[in-house]
Amino acid sequence: MNDQVAIFAKDLVKRFKTRSGAVDAVNGVTLQVRRGETYGLIGPDGAGKTTTTRVILGLLKRTAGKSSILGYDSMHDTYEIRERVGYIAQQFALPGDLTVMENMRFFADVQGVSRDEQRRRIPELLDFAGLSDFTNRLGSQLSGGMKKKLALACSLVHEPQVVLLDEPTLGVDPVSRREFWNLLGNLRAEKGLTIFVCTPYMDEAERCNWVGLMYQGKLVAHDSPETVKKMVPGRLLEFTPSNFVPAWRLIPGLDGVLEVQTYGAMLHVFVDDPDGRRNEIEHALAAQGITCEGMREIEPRMEEAFISLIERQSGRQMEETRDAV
Amino acid sequence: MQKSLRRTFAFIRKEMIQSLRDWRTLLMILAMPVIMMFFFAYAVNLLVDHMPTAVADMSRDDESRAFIEALEISGYFDAKMYVESEEDVIRMIDEERAKAGVVIPPDFAARVERGDAQVLIVFDGSESLAVQTGYSAASAIAQTHSVELLMSKAGQMGAALGALGGGALPIDTSIRVLYNPDMDGLVFMVPGIAAILLQLLTIGQVSMVVVRERELGTLEQLLITPVRPLELIISKVMPNIIITIADTVLIVLIGVVWFDVPFRGSIWLFAWLSLLFIVSGLGLGLLVSTVSQTQKQAQQITAVLMVLTTMLTGLFYPRLTMPPVVRAVGDLIPVTYFIRIARGIITKGVGLSFLWRDVVILVIYAIVVIVLASLTFRRRLD
């Protein structure tokens, strides 16, 4: 095992038995997170992000494949992992009837942090998380963003080398989200912490230096955000049609149009040649009495890349099923 | 080892803080046994006395009136409703206006003279407890009454009282031991109620703890720490043990001080065995907790357990008359053993030499459920 690898999974499978049969929530995931890296596991709800994280942590039993953290096997070296890793579960889950300080001290005690160390670390972490003024407040009375920051502070109290965060900004307002990510950025820069984040938010994915795109239990892409964004077909045009639905129906049939995505009142159209197709689209729509406003070429973001990848993935699956039938 | 102690201590501290912070629940847990004790004790006490009784006295003489008076004085029967015939008595019971009925045949006085007097006593069979106690009471009253009759007759006839009295008094005593209402009532009920309340507290409280963490999602955050299942279990049980000990002291104090239940055996023996019982109950509660996925499931299982406990452990209904299968189900509930222990120590004043079997079973029971609970409680979520 390479020393530079913090988190490792190969052909990971997690099968849940349900009443209607077996479901593979994680279906052959292979990924690698290098030390000091911020890795984003992104994907829609139900893609299998949480299950993947839990299996890697040893919180769920592995059905098949391999997985390890810092070289420790998820299933066999569970306690070694738990002494070296920080984790924030998706649902805020620190005891709400303990105060901020009690929570910190509880997790420090459980992780075997000595009292001397606690006196040094806890104020530092509280200061870092901006919670120094709230040490006596009950966990349940904190705002959503503050809860997440407390959870982060608690998960760092034993100075882990790796933290796994499962949708840490779920239900947190945009300002707090930004603050939270700034904290993560500082941690990475100052302590070289390896950060593994599950998130459905594409703007957060852009802050990672490696992303895994998860869809229906599989990784459909595994690369740097820049490379993932280049995986979309052709170039991207954005505009607002005066009559949305007919335009949306008409454009996919035009020559050179690779893919159409809706974006609020706007359409995002992937084309092979933006300069040439731009006029063709405008003409075709004008023939139907539809005008285009603000037509321009834009750089595809993670969001467009992600939707494009998923649509192609589901299209491929539909073809496969059709072939099978 | 030291690490393990530190972790356990950290968890116990957390549980203590949480228990104390939730003072309403704490107060309820402490007040519940007190309230229940009073309700239970008085309800059980009132359940069988002052039964509304229909009387068909076809004799209407001094002898029959004396007998009815004896029934009344016993406190078990309220013979206020006088009717004409046996049919009337049965009708009164059918209409639920009476729980018991007395039919005295026309020639009662004459038969008493001859010594073969018969009285028919009818009970509402739908209330087995009333039948049981009423039946015992009625026959006791009848016997005592006839002994008194015999004695007064002997006095009238000027026979040697000493000879007759010497023969009659032992009968009197044996009747008292078997049928004395004091014996059958509170003195016997209080240890049983204590056992049942302790069970309710231990299982009821503990069965919720692990499930609650699971439902709140805090379990996931706790599982990710290096805590071992046994450490978690011990720390969950600790605060509950302390609370339940406080409750036990309260229950026994109420029994002894308020209800005048004599504490005949060794208090220390009772204390140790109560602790053993508490541990086994907590273990059972934890087992319920680890196998349940939701608090609702845990509550349902606890409710079923409590029903089985009241019916099968010998608190109200004698276990001797139960079919073997039903009795076997009762054997699985720790209260069965503790009721015998509690009654043995408190009421009868016996020691380990009589109770060792129940004690051994309870020890094995406690070990088995706690081991089972920590085996079922995995270090994973699934």
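These numbers come from a predicted model, not from an experiment. (Residues numbered from 1 in each chain as written. Chains lettered and ligands numbered in written order. Predicted model: local features only at pLDDT ≥ 70, side-chain atom pairs only at ≥ 80, totals over all residues. Heavy atoms only, no water.)

A. How the structure looks around helix 3 (residues 62-73) of chain B. The end-to-end C-alpha distance of helix 3 of chain B is 16 Å, a good match for the 16 Å that 12 residues give at a rise of 1.5 Å each. The distance from a side-chain oxygen at the start of helix 3 of chain B to the backbone nitrogen of Ser64(B) is 2.8 Å, and the residue carrying that oxygen is Asp61(B). (Helix = DSSP H or I, 4+ residues; strand = E, 2+ residues; numbered from the N terminus. Expected span 1.5 Å × (residues − 1). Polar contact = N/O pair within 3.5 Å; in protein donor to acceptor, adjacent residues only side chain to side chain.)

B. Inspection of the environment of Ser68(A) at higher detail. Note that Ser68(A) resides in strand 4 (residues 64-69). C-alpha of Ser68(A) to C-alpha of Ala286(A): the two residues are 218 residues apart in sequence and 58 Å apart in space.

C. The packing of helix 4 (residues 115-129) of chain A against helix 6 (residues 174-191) of chain A, seen in detail. All names here are of chain A. Interaxial distance between helix 4 and helix 6 falls to 11 Å at its minimum, and their mutual angle equals 135°. With respect to helix 6, the element helix 4 is oriented oblique. For the pair helix 4 and helix 6, the contacting residues are Glu 124, Phe 128 and Ala 129 in the first and Leu 183, Asn 186, Leu 187 and Lys 191 in the second. A class-by-class count of the residues in the contact of helix 4 with helix 6 yields four nonpolar, one polar and two charged. (Axes fitted to C-alpha atoms, helices over the stretch in contact; angles between N-to-C directions. Parallel < 35°, antiparallel > 145°, perpendicular 65-115°, else oblique. Contact = heavy atoms within 4.5 Å. Nonpolar A, V, L, I, M, F, W, Y, C, P; charged D, E, K, R; others polar.)

D. Expanded view of the pattern of salt bridges. Residue and element names in this part refer to chain A. Taken as a whole and assessed by the stated rule, the structure comprises 32 salt bridges over all chains. Among the ionic pairs, Glu 117 bridges to Arg 120, the shortest N-O distance being 3.0 Å. Here Glu 117 pairs with Arg 120, and both are found in helix 4, just three residues apart, close to one helical turn. Look at Glu 117 and you get partly exposed, because its relative accessible area is 25%. (Salt bridge = Lys/Arg side-chain N within 4 Å of Asp/Glu carboxyl O. Buried < 20%, exposed > 50% of the residue type's maximum accessible area, 1.4 Å probe, protein only.)

E. Region of interest: the interface of chain A and chain B. The partner chain B presents 28 residues to the 35 residues of chain A that form the contact. Summed over both sides, the interface between chain A and chain B buries roughly 3000 Å², with carbon and sulfur atoms accounting for 55% of that surface. Looking only at chain A, the three residues that lose the most surface to chain B are Leu59(A), Tyr79(A) and Val110(A), adding up to 22% of its buried area. Inspection of the chain A/chain B interface yields three salt bridges. Across the salt bridge formed by Lys3(B) and Glu83(A), the nearest N and O atoms sit 4.0 Å from each other. Joining chain A to chain B, the criterion identifies five residue pairs in polar contact (both at pLDDT 80 or more). (Buried area = accessible area lost by both parts, 1.4 Å probe.)

F. View of the nonpolar core. In this structure, Ile7(A), Ile69(A) and Leu213(A) are the most contacted members of the largest nonpolar core, which totals 149 residues. If one sorts the elements of this core by residue count, helix 9 (residues 186-216) of chain B sits on top with 15 residues. Inspection of this core shows a minimum of three residues originating in each of domain 1 (5-223) and domain 2 (235-324) of chain A. In terms of nonpolar packing, the next biggest core, distinct from the first, is built from 18 residues, Ile68(B), Leu71(B), Phe108(B) and Val112(B) among them. (Core = buried A, V, L, I, M, F, W, Y, C linked by side-chain atoms within 4.5 Å. Domains from an automatic or database assignment.)

G. The side chain of Ser67(A), seen in detail. Residues and elements named next belong to chain A. Residue placement: Ser 67 occurs in strand 4. At 2.9 Å, the side chain of Ser 67 and the side chain of Arg 62 are in polar contact. Looking at Ser 67, its side chain comes within polar contact range of the side chain of Ser 74, at 2.7 Å. If we ignore the near neighbours within four places in the chain, the residues touching Ser 67 are Phe 8, Ala 9, Leu 12, Val 55, Ile 56, Arg 62, Tyr 72, Asp 73 and Ser 74.

H. Spotlight on the packing of aromatic side chains. Within the structure shown, the criterion is met by six aromatic pairs over all chains. Here the aromatic rings of Tyr39(A) and Phe196(A) are separated by 5.5 Å at their centres, their planes lie at 0°, and the arrangement is stacked. A residue pair is termed long-range when its members are at least 10 positions apart, and Tyr39(A) in strand 3 (residues 38-42) and Phe196(A) in strand 8 (residues 194-199) qualify at 157 residues. Comparing Tyr39(A) with Phe196(A), the two get one shared label, buried. Both rings, one in Phe106(A) and one in Phe11(B), keep their centres 4.9 Å apart while their planes meet at 85°; by these two values the pair is edge-to-face. With one member in each of two chains, Phe106(A) in helix 3 (residues 100-110) and Phe11(B) in helix 1 (residues 2-21) form a pair that bridges those chains. An identical accessibility class is assigned to Phe106(A) and Phe11(B); each is buried. (Phe/Tyr/Trp six-rings, centres within 6.5 Å; stacked < 30°, edge-to-face > 60°.)

I. Representation of the environment of Arg207(A) within the structure. Residue and element names in this part refer to chain A. Here Arg 207 lies in the loop between helix 7 (202-205) and strand 9 (210-215). For Arg 207, a relative accessible area of 38% gives the class partly exposed. Beyond its immediate stretch of four places on either side in the chain, Arg 207 contacts Arg 178, Trp 181 and Asn 182.

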